[in-house]
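# Residue-level structural notes
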Amino acid sequence: MNNNPKVIVGAQFGDEGKGKITDLLAEKADYVVRYQGGNNAGHTIKVGETEFKLHLLPSGVVHGKECFIGNGVVLDPEVLLQEINYAKENGLDVQLSIDPLVNIIMPYHKLLDGVSESALNDKSIGTTKKGIGPAYEDKFGRRGIRLIDLLDRVAFKEKLTDVFQLKKKIVEKVYGKAFLLNFDKVYSEYLEYGSQLQKYLTDVSRKLSKEKQKSIIFEGAQGTFLDITYGTYPYVTSSHPISGSVFLGAGIAPQELNTIGIVKAYTTRVGEGPFVTELYGKLADYFVDKGKEFGTTTGRKRRCGWLDLVMLRYAHRLNGFTSLAVTKLDVLSGLDEIKVAIDYQIEGTETSYPLTCSSLEKCEPVYKSFAGFAVSGNEKSYDDLEEKAKVYLDFIQEYLDVPISILSIGPDRNQTIFL
Ligand code: GDP
Ligand code: IMO
Ligand code: MG
């Protein structure tokens, strides 16, 4: 493969296995970079009997690679410091650089994530309540606190004073809730976080732009259909997980990328929002049990359904996948029949992927049916797979006109087939 930077992008609603694939590819890379999202992400990497669950640290940390947090991330310093300790306690060598322009998740962001979700009642988004949306709101509202601000006692105090007053008013007057945060405590705590994180500060944009010969992996969080613009708005996250966001979120000039779309062999979603191929009852339980479909960050049971190629075709348009990594193929093993959505219809009329949730809710999937197959998880090459599994995979490649480059047939590193 060429030395263009690689981007690992979730092609569905998140939790496709980005952590596992990033870890695998990191072995031969120099740098691994997060460019968006925050600790709403939960990336699991299994190494032997150890399972690493990472929220903010790029998955390259497991291979001891140099890791970067770009300006497009929103960073909870308390969570990051805990995660650095957790990584070190588990024997990992943490080599981390954080862009000084990264926006900080403050305690009032977490508070507001909770109260705004409660106020939505049955229309709630089902956020992770990590303060992600409110932190991005402040970034774009031009009142965010950035990591570099935590290093200037005077300027930080001034900024925090203004924002604190505003947030207090919003929580008390708009939401009618108690604002129990104490200014002095927050101020001193976050100054302390600043001084602890100071040693990681690096101009990430400058470093990545200068070192073009390095092999770089950009590790996406969330997935295409949680994108703030292109996802199932408003049931989305507040950042851009899609590949184009790499340039802004890491601060590098637009350039050619190897964009690897991570596709779970079926579909899952945590949180609310439309899901055209969703299953209920026994089949949904099958996926939850066999795929261990519980959220890494919140422990919530994931909603499950069939693979949806209409979604993936749209995801390919947005991301420009150069190849796909299909994960969790082993989970399909044991089903007599496997379905894949190849079209949507609204009241019997074929429709392309619609732009609004209300239209998505009306979409009926048109399925193509495949015979079930067995995957043991011990297959070493594509040729080792059963013919019926190849038929399923070939159909996906042909429909999307994108080659599958990686097949994941279990959570372990060695349960992977490179094509
Ligand atoms: P991410 O957020 O995209 O990194 O995905 P998560 O880590 O949240 O969820 C994927 C889960 O599936 C993790 O528990 C992985 O260990 C597991 N996993 C990844 N690939 C496979 C696979 O091919 N088969 C099975 N059975 N599990 C997998
Ligand atoms: P990874 O990186 C799956 C979902 C939440 C909710 C919506 C908005 O592990 O794939 P937020 O807290 O971001 O404001 O919540 O987005 N969500 C995820 N779902 N995987 C994730 O990350 C997610 N991060 C956010 O459940 O529906
Ligand atoms: Mg996850």
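Scroll up to find the structure this text is about.
Description of the structure in this document. (Residues numbered from 1 in each chain as written. Chains lettered and ligands numbered in written order. Predicted model: local features only at pLDDT ≥ 70, side-chain atom pairs only at ≥ 80, totals over all residues. Heavy atoms only, no water.)

When strand S3 (residues 43–47) meets strand S4 (residues 50–54), the two strands line up antiparallel, connected through five bridges. For His43, the partnering residue across the bridge sits in S4 and is Leu54. Hairpin connection of S3 to S4: two residues between the antiparallel strands, including Gly48 at a positive phi of 60 degrees. (Pairing = 2+ DSSP bridges. Helix = DSSP H or I, 4+ residues; strand = E, 2+ residues; numbered from the N terminus.)

Quick look at the environment of Gly271 now. Relative to the elements of secondary structure, Gly271 occurs in the loop between strand S11 (267–269) and helix H9 (281–290). Sequence separation of Gly271 and Lys301 is 30 residues, and the distance between their C-alpha atoms is 9.2 Å. In this structure, Gly271 is in contact with Ile125, Gly126, Arg300 and Arg303, ignoring residues within four places of it in sequence. (Contact = heavy atoms within 4.5 Å.)

A few words on helix H10 (residues 309–319). In terms of burial, H10 is a largely internal element, eight of the eleven residues being buried. Residues of H10 that are buried include every one of Leu309, Val310, Met311, Leu312, Tyr314, Ala315, Leu318 and Asn319, and no others. Capping of H10 at its N-terminal end is provided by Asp308; its side-chain oxygen lies 3.0 Å from the backbone amide nitrogen of Val310. Just past H10, the residue Gly320 takes up positive phi, approximately 65 degrees. (Buried < 20%, exposed > 50% of the residue type's maximum accessible area, 1.4 Å probe, protein only. Polar contact = N/O pair within 3.5 Å; in protein donor to acceptor, adjacent residues only side chain to side chain.)

On the protein side, the magnesium ion (ligand 3) has Asp15 (OD) and Gly42 (O) as donor atoms, found 2.0 to 2.2 Å from it. With Asp15 in the loop between strand S1 (6–10) and helix H1 (18–26) and Gly42 in the loop between strand S2 (31–34) and S3, the pair connects residues that are 27 residues apart, well separated along the chain. (Donors = N, O, S within 2.8 Å, 3.2 Å for Na, K, Ca; no water.)

Grouped together as the largest cluster of nonpolar side chains are 67 residues, with contacts concentrated most on Leu208, Phe218, Leu329, Leu332 and Tyr392. Looking at this core, the element that brings in the most residues is H10, giving seven residues. When residues of this core are sorted by domain, at least three fall in each of domain 1 (6–99 + 201–260) and domain 3 (263–418). Setting aside anything within four residues of it in sequence, one finds Leu329 in contact with Ala265, Phe373, Val375, Leu385, Tyr392, Leu393, Leu407, Ser408 and Ile409. (Core = buried A, V, L, I, M, F, W, Y, C linked by side-chain atoms within 4.5 Å. Domains from an automatic or database assignment.)

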